[in-house]
Amino acid sequence: METKSEVLLLRIPMKHRLKTWPEYFEAVLSGKKTFEIRKNDRDFRVNDLLLLQEYNPKTEEYTGREVLVEVTYITDFGQPDNQVVMSIARV
């Protein structure tokens, strides 16, 4: 029988759709922003994919632009409860 830690290691990477405000979206597109700080309400893991969807908070609409990134590292060090910092790389 597998232990709980072995079962967790077998988790298939997930794809998460995330709203991203224009200034942060542009920074990811340009390569200047290589991280995401998010509430960990989705059980983010290394190798998960994040579909960052540009969202304009003023109009409350998606712009239609998207970028796919992969989570390469995660830490919660120094973060408020249930928040993580994820290193990301464009796919």
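Preceding this paragraph is the structure being described.
Quick look at the structure, then. Throughout, a residue's number is its position along its own chain's written sequence, starting from 1. At least 70 in pLDDT is required for a residue's local features to be given in this predicted model, at least 80 for side-chain atom pairs to be given and counted, and no such filter applies to totals for whole chains, interfaces and linings, which use all residues. Only heavy atoms go into the side-chain values, all of them from the structure, while hydrogens and water stay out.

## Quick look at the packing of aromatic side chains
We count it as follows: Pairing of aromatic rings covers Phe, Tyr and Trp, the last through its six-membered ring, and needs centres within 6.5 Å; plane angles under 30 degrees mean stacked, over 60 mean edge-to-face, and all others mean tilted. The criterion is that NZ of a Lys, or CZ of an Arg, lies within 6 Å of the ring centre and within 35 degrees of the ring normal, and then a charge sits over that ring.
For the structure on display, the rule yields 1 aromatic pair. Seen in terms of ring centroids, Tyr-55 and Tyr-62 are 5.1 Å apart; in terms of plane orientation they differ by 65 degrees. Their pairing is edge-to-face. Directly above the ring of Tyr-55 sits Lys-19, whose terminal nitrogen or CZ lies 4.3 Å from the centroid. Looking at Lys-33, its charged tip hangs above the ring of Phe-35, at a distance of 5.1 Å from the centre.

## Some words on the side chain of Glu-54
Stated precisely, the cut-off is as follows: Under the DSSP-based scheme used, a helix requires at least four consecutive residues in state H or I and a strand at least two consecutive residues in state E, with every element numbered from the N terminus. Residue exposure (1.4 Å probe, protein chains only): buried if accessible area is under 20% of the type maximum, exposed if over 50%, otherwise partly exposed. Under this definition, polar contacts are N or O atom pairs within 3.5 Å; protein pairs additionally need one hydrogen-donor-capable and one acceptor-capable atom, and for neighbouring residues in sequence, both atoms have to be side-chain atoms.
Examined against the element boundaries, Glu-54 turns out to sit in strand E3 (residues 49-56). In this structure Glu-54 comes out as buried when scored by relative accessible area, which is 6%. A distance of 2.6 Å separates a polar atom in the side chain of Glu-54 from a polar atom in the side chain of Thr-63. Polar side-chain contacts of Glu-54 include one of 2.8 Å to the side chain of Arg-65.

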